[in-house]
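Listed below, chain by chain, are the residues.
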Amino acid sequence: SSSTGTTGPSGPKTFTIGYSNGGSVGNGFREEQVCTAKAQVKMYPEITNLTVIHRNTDAAGQLSDIRDLIAKNVNAIVFNPNDPDALNPALEEAAAKGIVTVSVDAYVTDPHTWNLYNNQIKYAELGAKWLFDQMGGTGTVWYTRGLAGHPADSDRDIGFQTVLKQYPNIKVVPSNSGVFTGWDPATTTNLTNDFISSGQYDKIQGIWASGMGKQIVDAIKAANKPFVPIVDADIGGFVSQLLDPTNFPGLKGAAVTNTASVGGAGVTMALKLLKGETITQSAGAGRPNTVLLDPVLLDNTTDAGKAALKAWQSVPGLDQLWPLSLSIQGWTTYDPNTVPASCKGA
Amino acid sequence: MTVTADLLLEATGVSKTYGAVVALKSASLAVRPGEVHALVGANGAGKSTFVKILTGVVHPDAGRIVVRGRERTAHSPAEARRGGLISVYQEPSLIPDLDIRANLRLTETPREPFRHWLGELGLRDLDLSTLARRLPLASLRIIDLARALAIEPDVLMLDEMTAALPANLTERVLDVLGRVRGGDRSVIFISHRLIEIAAVCDRATVLREGETVGVVDVTAGTEERIVELMLGQSVEALSARTAAVAGPESRARAATPRISARSLSSGTRLNDASFDLYPGEVLGVVALEGQGQDELFDILAGSERPRGGELLVDGKPANFRHPADAIRVGLVYVAADRAEALLMQRSIRENIALPFSSRLRHWGLIDLGREREKVDGAVATLQIDARAGGEVRRLSGGNQQKVTIARWVAGGVRTMLCFDPTRGIDIRTKTQIYRLLRDMADAGAAILLYTSELKEVQLVCDRAIVIFGGRVVGEVSAAEGDEPTLLRAAYNLRSESAVPEGVAAMLASTSSGADASTPAGPGPSEVPQ
Amino acid sequence: MTAAVRANRWLDAAAWRNLFRDRPLIPLTGLLLLLVITIQIADPGIVTLPWWGVIMRASVPLAILAGCQTLTMLTGGIDLSVATVASMAGFVTATFVNSPGGWVQGMAVALAAAALAGLVTGIGVGVFRVHPLIMTLAMSFVVLGFSNVWQLQMVQTGAGVPSQLRWVGSNLLLDVIPYSFLVFVPLTLLILLGLRRTGYGRLLFAIGDNPIAARLSGVRSPQILIVLYVISAVLAAIAGLIISGFTNTASVSLADTYLLPSVAAAVIGGTSIMGGRGGFAGTIVGALILTVLTALLTVLGLPEPTRQIVFGSIIVVVAAAYTRVTGES
Amino acid sequence: MTAASVVARRRALDAVAPWARRNGWTLGLVGFLGLLLVYTKLIQPSYDSSGIQGLAIGVLPLALAAVAQAVVVMSGGIDLSIGSMMAFTSVVCATMMKGQSQEFAVVVVLGVLVLGIVLGAVNGALVVLTKVPDIVVTLAMSFVWAGCALLVRAAPGGAAAEWLRNLVLGSFISEWIPKSAIVLIVIVAVIWIPVSRSRMGLSIYAIGSNRLAAFRSGIPVGRTKLFAYALTGLYAALAGLSLTASTGIGTPVPGPYTLMSVAAVVLGGVSLAGGRGGLFGPIVAVVVLQVIRTDMTFLSIDSNYAYVAQGLILVGVLMVGSFALMRRSRA
Ligand SMILES: Nc1ncnc2c1ncn2[C@@H]1O[C@H](COP(=O)(O)OP(=O)(O)OP(=O)(O)O)[C@@H](O)[C@H]1O
Ligand SMILES: Nc1ncnc2c1ncn2[C@@H]1O[C@H](COP(=O)(O)OP(=O)(O)OP(=O)(O)O)[C@@H](O)[C@H]1O
Ligand SMILES: [Mg+2]
Ligand SMILES: [Mg+2]
């Protein structure tokens, strides 16, 4: 097995890394994730090749993608799992071949694999808490979720429900299980329009969003309805709405980080493991070999908040659907402004 | 007629309505055991619908059907089949993508009897492992019949079985029917060719506009009566020849031929076809099944490219890559199989207007007024029964056939290639079409006419070429183009040599009664015994 | 004929059936109204003029995409690339807002790219006889691949949906008439007239009904199919522009969720997937039916699983009812 | 006697020619696959038996989906709900097996197969009874079955019995013969061969080839169609089981199987017009697609261009094929 890597001409060990992304081709979060990985690889001369497989498929499909990477004899595989358990067979095969595996953006249950991901439960909790407090602990919330059956969406629901229990006077529409946007802009827009035109919007005091906040706000604006407090992820378009009182007067909102830089961070972690460096795992993770990235919430209710939000817009002209936070303390070493450039490289 | 117990099949008061169209109203039919019973009527009279009702393909609105004294209505062909009623439709009911063997298994047809009948019908050496898709229409029709015969049905129904068959196979079929007759099984025989009816049928039930208007014992000279009943009017001589046609010698020869074929060849069937078609003449093509006539017409129509030889149109060499090329130089083709020619889900109007209205070239809107004129004109000339309106699919077969001709007539014709245009068309309209062809010719059009109905040669053609084994083996002038001569020529026999007994039978049968529309057919004396 | 119709009850029913078969719009509209009544009952007072405005605004892009399906289905084909082409068009346009040429140039580029895709599809289907379903599926892969490459080239161009598109896509005149009608109404007239009154329209039906017959009467189907798929792609692109204006979003997967509904709308609208029968008017009603249906589901606030089950079931029921009354099979 | 020998030779030719003609496409595919594998070995010398095993497991779900699609397409229909049926059966299987004994798992598998037949039969019944075009009914039902899957479990999860997982993992006799390949072949053979030999099998081709002719030949068109759809449901259920077997869980969100199965079917030489084709072709087609993807991974081709390539290859193969067919029809 080639897990120890091959000795390059220059002398020091060199490594090849495989990257598997099992869905949402073209989606801002996933693409940015890959770009950060590429950017981070540029930081490490000892990484000679990064092979990315990014296609729309299911767990079984990603399983075979990972097997292909194993057959390619890469030294490490970084992947964004379609499922916590489904990939284990391939991951075991990888471990047997001494290939390092790192799961980013969500965890897997395979004991040999290291996990590095945003704490989605925390994401939901932070947002929900802020929202419910904004509403003074009473009122009705429109609970718009992501893709039914997606692990991240399920985790966020857990977080949302725990906080909900602490606020007895908060009512949730359409039902406690919320409504699914499928993380699809068009679906979200139609959903919101129907929600507004059926008069339900007039009866709510807050919106909890899972990444489609921008489209929701736009729909509300198009219908000339007054805004209600809304919390969503740190997607560029949404944040610029929060910071644009002229076009969105009275829009109160908060953005919770859900960084896509896990891609780059995953590469770093893989390299550390290949070099045998020790990694400090997060205590609260509740599972071994895990590093949790805790989300941060910023809102536009205070000037301090506004300033901080502005600071997030570090990369000018970034695609509106891409998350803003382009670096993770201690895990990414590239300059965020180099990320767009590294996207272009094949 | 009286309800007698010894009837094999009796249907009374059968009616069927399609929307506003009355296909059948109180039609009745009584078939005796052992007889061949003709079902005759003009196009759209309701024959096919009647058969379909008897075999459970279509459900009647009203009516009583009694088989062997027991009342029963079939709800599906399968059920009818079990009841001993089987029909052979005009369009073959073999599965194209299965080989013949599989097709037999599908209908649980006993192999040996099938083989036997196949032999009787002259297809003895058929390879059962060929896909139905790869067989010519005529063979499929024969296989269909053999398959039906093999099951030994009580009542066998043939809906224009012979319409598309070349003379030799037709005669085989009639021959076989003659032998099936007797015993306690019967045949219901639908055809627009009285000559065939005269040849094999014992009695004939006549339908007119969905009603049974009479039952006739078929004997010499009853055709007149049948035709009268069919059309509801006595018939003046239906001969197409209005003015005496100037012989080909005097006309044409001067002009450059519209088409001249120089040893055309294609595939294995067509080897060396050479002939000239002059403006102002109707040139008949006489051939038995599969002598290359299909390929010849495909080449002339531009849907197939010749393997060898040369084709001149108006003296200029022509090389068609697509039917459009042929049409541009004025060669229009009345297709052999209407299923290949019609847009079944579109209106009669759209079907007729297809060639001249639907051009990619001139954009802009269609001039509906002009279109309507042309279409209505053609519909009138061919007496198309347009009651079923909407979709051509709802027309009777014969009327569908007329539409395929009307399409070209409407456009105005320079050179028309007709492959059995009168297939499945009733007598009155046939004569109309003969006249039409003549008039077009007299107006200077050139017409190439393949016909499976040999008597048509004398009725419309100036002369006829005979194709045998992919070659043009002879030319017959209309004058001496009577059936025996043509048949001999078709078999490529020199006139003194003996005719195969099958042919003899055919000729004998033709002699058994003069068709209303023919000058008295050849008598037995002309056939060498 | 009418006399015969009067004759008896049974005839009457048949006559109605014929009427419906020749005028499928009547039963379709009936079904639409039925749904509207249902939603009105589910949430009294919801059906107002502005509500209709919202419904129409949402229906426009779906109707256009369903139009692509209608045209291609008439020839016995189908176009599975409309979604990716639409997304591509919207996205490409957005990436040009800050370029010197501005959004106009963007639209030009987008439409050209779409036309190119359509041309290739048309050649594949028309000349090489690749089955449309496969050809367009493959084309959707190709377009997705390229537009994503484009996205990665353009991440930092400050792509944004041009305000003009947003206005067309999401604004309502007097809260009722969507401005997208400025595009949609002319398109509709063009398509309706084109199908009914031009030789080209007739040819689409002819090819779909019986290619052999069409060929024998001198129709060169390759040319027609190539033109057809170019038209389809351009229509899809236009729809994509409207969608990105509607959602104020530019994404290479923006229109994906429209693909299956566009097929459904066309077929509910009475267009035969086998070719030769159908029309755009029915398709528009089909699109409205689907839009009202989704609105109904939102109003009912059902949980996702039930939502999907109801959606599917109602489509079957609608289609079945429609088939019954029109007696098509 | 020379004549006799000539005749004999012609006989032999007649015996082979039709078979070759009918299976020409599949033979071509197999050849293409062979070349691909050789090429794979060239660009990735370390590609070995474990690679083959990965390949076999990888193709299993789509291969079974393609088989399911092929059956209904041959009968003149099409089923756009296969992906959803897979998801549904897969979650049912995974949910019921969780925390249950190995023996009970057997019951579950049988139950799921029955479920598949029922789902397919419902599709078929709706198509037959409502007379609504297949594509619409199954498209609508794809939403219904997906909804049912979400009802069973809102998020991925559940478990698969050990024996079920081992059924597709690893190899059999030689390490070059992956279990999952055997499983695939056995599943297809055991169900399809008897059917295709039967009169019902013929009827499936018949109604696909020419509905009216079949009807007039006395074939119960409706019942046959229903049967075909039920069979498709059964294979879809097997595909769903293969998902659970290879991943050990059930996912309520349908994978990209529906449209890919259609593509594979066409690539496998089954005419979407119905009546023609077999099950072997589509399976080979699926393997070809999978190997191509693997090669693109080995060549580190940018995933976006991989999408482009996949599309071009799909079309390219069919164009080459249709060219070959044109040539033959000319000759
Ligand atoms: N699938 C169908 N749907 C509706 N009507 C049909 C269908 N098939 C046949 N018909 C109608 O049933 C009648 C008989 O059909 P068919 O094609 O056998 O005509 P036909 O008169 O028997 O042809 P021919 O006279 O040449 O034998 C025709 O009027 C035809 O329009
Ligand atoms: N499916 C149908 N829909 C509407 N009208 C129909 C249909 N089938 C038949 N008809 C009409 O019923 C009448 C009788 O049709 P049918 O096919 O029985 O006539 P036919 O006696 O077979 O005529 P032909 O000699 O041309 O075969 C025709 O006017 C035909 O238009
Ligand atoms: Mg008839
Ligand atoms: Mg007829």
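Residues numbered from 1 in each chain as written. Chains lettered and ligands numbered in written order. Predicted model: local features only at pLDDT ≥ 70, side-chain atom pairs only at ≥ 80, totals over all residues. Heavy atoms only, no water.

Turning our attention to the overall build of chain B. Looking only at helices and strands, chain B has 17 helices and 20 strands in total. Burial statistics for chain B: of 529 residues in total, 60% are counted as buried. Sequence separation of at least 24 residues holds for 68% of the intrachain contacts in chain B that already meet a minimum separation of 6. (Helix = DSSP H or I, 4+ residues; strand = E, 2+ residues; numbered from the N terminus. Buried < 20%, exposed > 50% of the residue type's maximum accessible area, 1.4 Å probe, protein only. Contact = heavy atoms within 4.5 Å.)

Turning our attention to the site of ligand 2. Residues and elements named next belong to chain B. Neighbouring residues of ligand 2: 21 residues in total, closest Gly44, Lys47, Ser48, Thr49 and Gly398. In this structure, an oxygen atom belonging to ligand 2 sits 3.4 Å away from a main-chain N or O atom of Ala45. One of the side-chain N or O atoms of Lys47 is found 2.5 Å from an oxygen atom in ligand 2. If ligand 2 stood free it would expose 620 Å²; the protein chains cover 89% of that surface. Elements represented by at least two residues in the shell around ligand 2 include exactly β2 (21-31), α1 (47-54) and α13 (397-411). Residues that form the shell around ligand 2 fall into these classes: 7 nonpolar, 9 polar and 5 charged. Taken domain by domain, the shell around ligand 2 gets at least three of its residues from each of domain 1 (9-218) and domain 3 (337-412). (Near = heavy atom within 4 Å. Polar contact = N/O pair within 3.5 Å; in protein donor to acceptor, adjacent residues only side chain to side chain. Areas by Shrake-Rupley, 256 points an atom, 1.4 Å probe, with all protein chains shown as cover. Nonpolar A, V, L, I, M, F, W, Y, C, P; charged D, E, K, R; others polar. Domains from an automatic or database assignment.)

Now for the interface of chain D and chain C. Taken together, the contacts link 40 residues of chain D with 40 residues of chain C. Both faces combined, the contact of chain D with chain C buries some 3400 Å², and carbon together with sulfur accounts for 86% of it. At the junction of chain D and chain C, the tally comes to 0 salt bridges. Linking chain D with chain C are 2 residue pairs in polar contact (both at pLDDT 80 or more). Contributing elements (two or more residues each) for the side of chain D that touches chain C: α4 (102-130), α5 (134-152), α11 (257-267) and α13 (303-330) of chain D. The residue makeup of the side of chain D that touches chain C, split by class, is 33 nonpolar, 6 polar and 1 charged. (Buried area = accessible area lost by both parts, 1.4 Å probe. Salt bridge = Lys/Arg side-chain N within 4 Å of Asp/Glu carboxyl O.)

A word on helix α5 (residues 151-166) of chain A. All names here are of chain A. For α5, with 16 residues, the first-to-last C-alpha span of 24 Å sits near the 22 Å given by 1.5 Å per residue. α5 sits mainly inside the fold: 12 of its 16 residues count as buried. Within α5, burial applies to Pro151, Ala152, Asp153, Ser154, Asp155, Arg156, Asp157, Gly159, Phe160, Gln161, Val163 and Leu164. (Expected span 1.5 Å × (residues − 1).)

Residues and elements named next belong to chain B. When its domains are assigned, chain B resolves into domain 1 (9-218), domain 2 (255-330 + 414-428 + 440-514) and domain 3 (337-412). Between domain 2 and domain 3, the contact holds 9 residues from the first and 8 residues from the second. Looking at the side of domain 2 facing domain 3, the largest losses of area belong to Met416, Arg423 and Ile425, adding up to 45% of the total buried there. At the boundary of domain 2 and domain 3, one finds 0 salt bridges. For the pair domain 2 and domain 3, the interface holds 1 residue pair in polar contact (both at pLDDT 80 or more). Here the residues of the side of domain 2 that touches domain 3 sort into 4 nonpolar, 1 polar and 4 charged.

Moving on, we get to the site of ligand 1. Residue and element names in this part refer to chain B. Taken together, 14 residues form the shell around ligand 1, and within it Ser48, Lys52, Gln90, Arg393 and Leu395 come nearest. Within the side chain of Glu160, an N or O atom sits 2.9 Å from an oxygen atom of ligand 1. Here an oxygen atom of ligand 1 sits 2.6 Å away from a polar atom, N or O, in the main chain of Leu395. Isolated, ligand 1 exposes 600 Å² of accessible area, and the fraction of that covered by the protein chains is 77%.

Pairing is antiparallel in the open sheet, where 4 strands are placed in the order β2-β1-β4-β5 (chain B). The outermost strands of the open sheet, each flanked by one partner alone, are β2 and β5 (70-71) of chain B. (Pairing = 2+ DSSP bridges.)

Residues and elements named next belong to chain A. Here Ser342 lies in helix α11 (residues 339-344). A distance of 3.3 Å separates a polar side-chain atom of Ser342 from the backbone oxygen of Cys35. Beyond its immediate sequence surroundings of up to four residues, Ser342 is in contact with Cys35, Lys38, Ala39 and Lys42.

Residue and element names in this part refer to chain C. For helix α14 (residues 280-300), with 21 residues, the first-to-last C-alpha span of 30 Å sits near the 30 Å given by 1.5 Å per residue. By the criterion of burial, α14 is predominantly enclosed, with 19 of the 21 residues buried. Trailing α14 by a residue or two, Gly301 shows a phi angle of about 55°, which is positive.

What follows concerns a nonpolar patch on the surface. Taken together, the side chains of Leu116(C), Leu119(C), Val120(C), Ile123(C) and Val127(C) define a hydrophobic patch exposed on the protein surface, amounting to about 370 Å² of accessible area. Along the chain, Val127(C) turns up in the loop between α6 (102-126) and α7 (132-153). (Patch = residues over 30% accessible without salt bridge, like charges linked within 9 Å, V, L, I, M, F, W, Y side chains within 5 Å.)

Here the focus is the environment of Val317(D). Note that Val317(D) resides in helix α13. Sequence separation between Val317(D) and Phe32(D) is 285 residues; the distance between their C-alpha atoms is 9.8 Å.

All names here are of chain B. With respect to burial, strand β1 (residues 9-18) is a largely interior element, 7 of its 10 residues being buried. In terms of strand pairing, β1 meets β2 through 7 bridges, oriented antiparallel. Residue pairing across strands places Ala11 opposite Leu29, the latter belonging to β2.

Here we come to the packing of aromatic side chains. Within this structure, the stated rule accounts for 21 aromatic pairs over all chains. Taken together, a centroid distance of 5.9 Å and an interplanar angle of 55° make the contact between Phe141(C) and Tyr307(D) tilted. With Phe141(C) in helix α7 and Tyr307(D) in helix α13, this pair bridges two chains. Each member of the pair Phe141(C) and Tyr307(D) is classed as buried. Ring geometry for Trp167(C) and Tyr179(C): centres 4.1 Å apart, planes at 25°, overall stacked. (Phe/Tyr/Trp six-rings, centres within 6.5 Å; stacked < 30°, edge-to-face > 60°.)

Moving on, we come to the packing of helix α10 (residues 199-209) of chain C against helix α12 (residues 221-247) of chain C. Residue and element names in this part refer to chain C. Where α10 contacts α12, the axes come no closer than 11 Å and their chain directions differ by 110°. The angle between α10 and α12 places the two elements in the roughly perpendicular class. Facing α10, whose interface residues are Tyr200, Leu203, Leu204 and Ile207, α12 presents Ser221, Ile224, Val227, Leu228 and Ile231. Class assignment of the residues belonging to the contact of α10 with α12 gives a composition of 8 nonpolar, 1 polar and no charged. (Axes fitted to C-alpha atoms, helices over the stretch in contact; angles between N-to-C directions. Parallel < 35°, antiparallel > 145°, perpendicular 65-115°, else oblique.)

Attention now moves to the sheet that holds strand β8 (residues 186-190) of chain B. As a general point, the strands of a sheet are linked pairwise by backbone hydrogen bonds and lie either parallel or antiparallel. Residue and element names in this part refer to chain B. In space, the 6 strands of this open sheet follow the order β6-β7-β8-β3-β9-β10, with mixed pairing throughout. Looking at the sheet topology across the chains shown, the edges are occupied by β6 (85-88) and β10 (211-217). Sheet twist, expressed as the average angle between the axes of neighbouring strands with direction ignored, equals 20°. In terms of strand pairing, strand β9 (residues 203-208) meets β10 through 6 bridges, oriented antiparallel. In the sheet register, Ala204 faces β10, and the bridge partner there is Val216. Running over the sheet, helix α6 (residues 167-180) touches β3 (36-41), β7 (155-159) and β8 and is turned about 150° from β8.

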